[in-house]
Amino acid sequence: MFFVDTLEFEGLGNRSYLAGGRRAAVVVDPPRDVDQVIALAARRGVRIAYVAETHLHNDYVTGGLELARLTGARYLVPVGARVSFPRTPVADGDVSEVDEYLVLRAMATPGHTPHHTSYVLEEEGNPVAAFTGGSLLIGSAGRPDLVDPRLTEQLARAQHASVHRLAATLDDEVPVLPTHGFGSFCSSSQAEGDASTIGEERAGNDAFTLDVDDFAKRVLTGLENVPAYYTHMGPANAAGPGPVDLTPPEPANAAQIAERLAAGEWVVDLRSRVAFADGHVAGSFNFEGTGKLATYLAWLIPWGKPVTLLGDTPAQIAEAQRELTRVGIDRPAAAATGDPAAWVLQGERLAFFPRAGFADFAAAHKRGEDVVVLDVRRDSERANGFIEGSVRIPLHELHGRVGDVPDGTVWVHCAGGMRAAIAASLLDAAGRQVVAIDDSFEAAADAGLSLTRS
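For the structure given in this document, a descriptive report is provided here.

Conventions we followed
- Residues numbered from 1 in each chain as written.
- Predicted model: local features only at pLDDT ≥ 70, side-chain atom pairs only at ≥ 80, totals over all residues.
- Heavy atoms only, no water.
- 1 Å grid on protein atoms, 1.4 Å probe; cavity = no way out; pocket = protein on both sides within 12 Å on 5 of 7 lines; lining within 4 Å.
- Points joined across faces, edges and corners; volume = space filled by probe spheres on them.
- Helix = DSSP H or I, 4+ residues; strand = E, 2+ residues; numbered from the N terminus.
- Nonpolar A, V, L, I, M, F, W, Y, C, P; charged D, E, K, R; others polar.
- Pairing = 2+ DSSP bridges.
- Axes fitted to C-alpha atoms, helices over the stretch in contact; angles between N-to-C directions.
- Contact = heavy atoms within 4.5 Å.
- Core = buried A, V, L, I, M, F, W, Y, C linked by side-chain atoms within 4.5 Å.
- Buried < 20%, exposed > 50% of the residue type's maximum accessible area, 1.4 Å probe, protein only.
- Phe/Tyr/Trp six-rings, centres within 6.5 Å; stacked < 30°, edge-to-face > 60°.
- Lys NZ or Arg CZ within 6 Å of the ring centre and 35° of its normal.
- Polar contact = N/O pair within 3.5 Å; in protein donor to acceptor, adjacent residues only side chain to side chain.
- Salt bridge = Lys/Arg side-chain N within 4 Å of Asp/Glu carboxyl O.

**Section: the layout of surface pockets**
Piece 1. Estimated volume of the largest pocket: approximately 360 Å³.
Piece 2. E10, G11, G291, K292 and M418 are, among the 19 residues lining the largest pocket, the residues nearest its centre.
Piece 3. Listing elements by their share of the lining of the largest pocket, those giving two or more residues are β1 (3-9), α11 (314-325) and α15 (418-429).
Piece 4. Residues belonging to the lining of the largest pocket are distributed by class as follows: 4 nonpolar, 6 polar and 9 charged.

**Section: the sheet that holds strand β8 (residues 102-108)**
Piece 1. What the 5 strands build is an open sheet, ordered β7-β8-β9-β10-β13; its pairing is mixed. Each of the sheet's edge strands pairs with one partner strand only, and the pair in question is β7 (95-99) and β13 (176-178). Averaged over neighbouring strand pairs, the angle between their axes works out to 25 degrees when direction is ignored.

**Some remarks on the sheet that holds strand β14 (residues 266-269)**
Piece 1. Pairing is parallel across the open sheet formed by 4 strands, whose spatial order is β15-β14-β16-β17. At either margin of the open sheet sits one strand with a lone partner, and together these are β15 (285-286) and β17 (334-337).
Piece 2. Bridge analysis of β14 against strand β16 (residues 307-311) gives 4 bridges, and the strand direction is parallel. By the bridge assignment, W266 is partnered in β16 with V307.
Piece 3. Strands β16 and β17 of the sheet are contacted by α11, whose axis makes an angle of about 140 degrees with β16.

**Observations regarding the nonpolar core**
Piece 1. F287, L309, L374 and L398 are the most contacted members of the largest nonpolar core, which totals 51 residues.
Piece 2. For this core, the element with the highest residue contribution is helix α10 (residues 293-300), accounting for 7 residues.
Piece 3. Leaving out residues up to four positions away in the same chain, L309 has contacts with V268, L270, I317, A320, Q321, L324, P332, A334, A335 and A336.
Piece 4. V46, L56, V77 and F85 belong to the second-largest nonpolar core, a separate cluster that totals 23 residues.

**Here we look at the packing of aromatic side chains**
Piece 1. In the structure shown here, the tally under the stated rule is 10 aromatic pairs.
Piece 2. Note on W266 and F285: the rings are 4.6 Å apart at their centroids and 70 degrees apart in plane angle, and the pair reads as edge-to-face. In this pair, W266 is assigned in strand β14 and F285 in strand β15, connecting sequence segments 19 residues apart. Just as W266 is buried, F285 falls in that class too.
Piece 3. An aromatic cluster of three or more residues is present, and its members are F185, Y296 and W299.
Piece 4. The ring centre of F182 lies 3.8 Å from the NZ or CZ of R15, which sits over that ring.
Piece 5. Just above the ring of F441 sits the side chain of R377; from NZ or CZ to the centre is 4.0 Å.

**Some thoughts on the side chain of R143**
Piece 1. Along the polypeptide, R143 turns up in the loop between β12 (140-141) and α3 (152-169).
Piece 2. Within polar-contact distance, the side chain of R143 engages the side chain of D145 at 2.7 Å.

**What to know about the environment of L102**
Piece 1. Its location among the elements puts L102 in strand β8.
Piece 2. Residues L102 and G45 lie 57 residues apart in sequence; the distance between their C-alpha atoms is 16 Å.
Piece 3. Not counting the four nearest positions on each side in its chain, L102 is found in contact with F2, G20, G21, S96, E97, L121, E122 and E123.

**Details of the side chain of Q321**
Piece 1. By the secondary structure assignment, Q321 is in helix α11.
Piece 2. Beyond its immediate sequence surroundings of up to four residues, Q321 is in contact with D245, L246, T247, P248, P249, L309, R331 and P332.

**Re the pattern of salt bridges**
Piece 1. This structure, assessed with the given rule, holds 33 salt bridges.
Piece 2. Notably, a salt bridge pairs D145 with R143, separated by 2.7 Å at the nearest N-O pair. This pair shows no difference in class: D145 is buried, exactly as R143 is.
Piece 3. Note that D379 is salt-bridged to R392, the shortest N-O span being 1.9 Å. Remark: R392 occurs in strand β21 (residues 391-392) and D379 occurs in helix α13 (residues 379-382); sequence separation between them is 13 residues.
Piece 4. With a relative accessible area of 27%, R392 lands in the partly exposed category.

As structure tokens, this is what we get:
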């Protein structure tokens, strides 16, 4: 009997897989922090015989090379991926024997990248799982625009052909096990769903219900902004990432925190947005540890800028440190935990700003207060409706465009509150008077605010 275990990385919207039989297994698209993969294999009582990459990743740093080194596994990398380290190149149709009666068959599925390769797990010659990486996703497909703008349309069409090839090769009941598509910006569109099969995708996925021309058009017109840090991920993966150091960072006291802020370094507060608004170190930024920490911090921070982490507990710091290694932010410069009052110099006070709902904003607007409403959502979200008169600066642009925000008290909102909290902290650090709207955007209409469409 075979097994497939899933490792979920909610912050990045990705998954990795451990699959095998009684004695040996393969790891597909492993995370940077490979200790958890090794521990999972140990609990299963299996040897990691293969590590397989579906493609050269653009959204996270792989742990594949290090995992292969630690375990002695063969490192399977698509033959067309240009890398600078020894590996076992795999081409379409190549078969690797994972365990008795269990093999892994490579299937070329270009689209997300030109060299993208899916892997079909076969037991006694029967396909039992399809590891589709960034090709066929649940209700969607991998975006084709992360390699070269000149190739985007060509890759979109190749993506359509690839998913049809998968469906033509595999039976309807075969599970589809993608790497991307659970909130990852590597997905061409965001879809609901946690599990799927070839048959379910054939019935409802645009890649099957639309012809190639309409599919390519829909994909190309619906692409989201590419996170800025993606530009660093591909080169890191091609060069061969080294091991990570997850030992605790150097402790920071109030004087050291102040010094780091004065030096222009980033001090990142991982606590909840409620706690941050109630009291924080002036100049620090709020990226909740329970939100999409790695995605948004890596997207906004000037690459290579030292980071000091502030949190409730050492465990919160450790989890954030682990998540940040997945996007190449390997070592925090320092960290502090406990009572926030101890993070500021003696005689200084914590900064704070108010939180509110859309009803509160509507009331302030009716009173004629000098207010600005700032919408930090993405273009695709704003296209479905926005508050009349609102200023639009997407969150990922705000750090460099604070000067574009009009004078007055800034009421900042997103779709639910997390990104508004990040934006509010950026504005607060810049000395602006700010109110964080911690509310669902659906409440804006209920509050009587006028909504319009672009």
